[in-house]
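# Descriptive analysis of the structure
As a plain string of letters, each chain reads:
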Amino acid sequence: MSALFNFHSFLTVVLLVICTCTYIKMQFPAILERKTGFRGFFWKAARIGERLSPWVAFGCFAMGISIIIF
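Residues numbered from 1 in each chain as written. Predicted model: local features only at pLDDT ≥ 70, side-chain atom pairs only at ≥ 80, totals over all residues. Heavy atoms only, no water.

## Some thoughts on the UniProt feature "transmembrane region" (unreviewed entry) in the chain
Those residues carrying the UniProt feature "transmembrane region" (unreviewed entry) are residues 6–24 and 52–69 in this numbering. End-to-end, the C-alpha atoms of residues 6–24 are 27 Å apart, and along that stretch the chain is 95% helix and 0% strand. Within the segment residues 52–69, helix and strand shares are 94% and 0% respectively, and the terminal C-alpha atoms sit 26 Å apart. (UniProt positions renumbered as here; feature names shortened; annotations may be inferred. Helix = DSSP H or I, 4+ residues; strand = E, 2+ residues; numbered from the N terminus.)

This is the structure in structure tokens:
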């Protein structure tokens, strides 16, 4: 089943994209400088990770626990 049709998998993919984009922006800021087009989506994900980092971290922790338990 695709991650788009399974809500649990979709949330996992979204959290991983946010965390990965934030990490890439911190390490290599020139890659995500463009705010438009295809890379603009990843720039926005990195901004979400920067501004909402405690909530994203909690979401990653909760998702990890739910994957281990369920």
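Having seen the structure, we can now continue with the description.
## So, the nonpolar core
Formed by Leu-15, Ile-18, Cys-21, Leu-32, Ala-45, Ala-46, Val-56 and Met-63, the largest nonpolar core amounts to eight residues. Elements with a minimum of two residues in this core: helix H1 (7–27), helix H2 (38–51) and helix H3 (53–69). Top element by residues in this core is H1. It accounts for three residues. When residues no more than four places from it in sequence are discounted, the contact partners of Leu-32 are Cys-21, Ile-24, Lys-25, Arg-39, Phe-42, Trp-43 and Ala-46. (Core = buried A, V, L, I, M, F, W, Y, C linked by side-chain atoms within 4.5 Å. Buried < 20%, exposed > 50% of the residue type's maximum accessible area, 1.4 Å probe, protein only. Contact = heavy atoms within 4.5 Å.)

## A short note on H2
With 14 residues, H2 extends 21 Å between its outermost C-alpha atoms, agreeing within 8% with the 20 Å of an ideal straight helix rising 1.5 Å per residue. Those residues of H2 that sit buried are Gly-40, Trp-43, Ala-45, Ala-46 and Gly-49. Those residues of H2 that are buried lie in contact with H1 and H3. (Expected span 1.5 Å × (residues − 1).)

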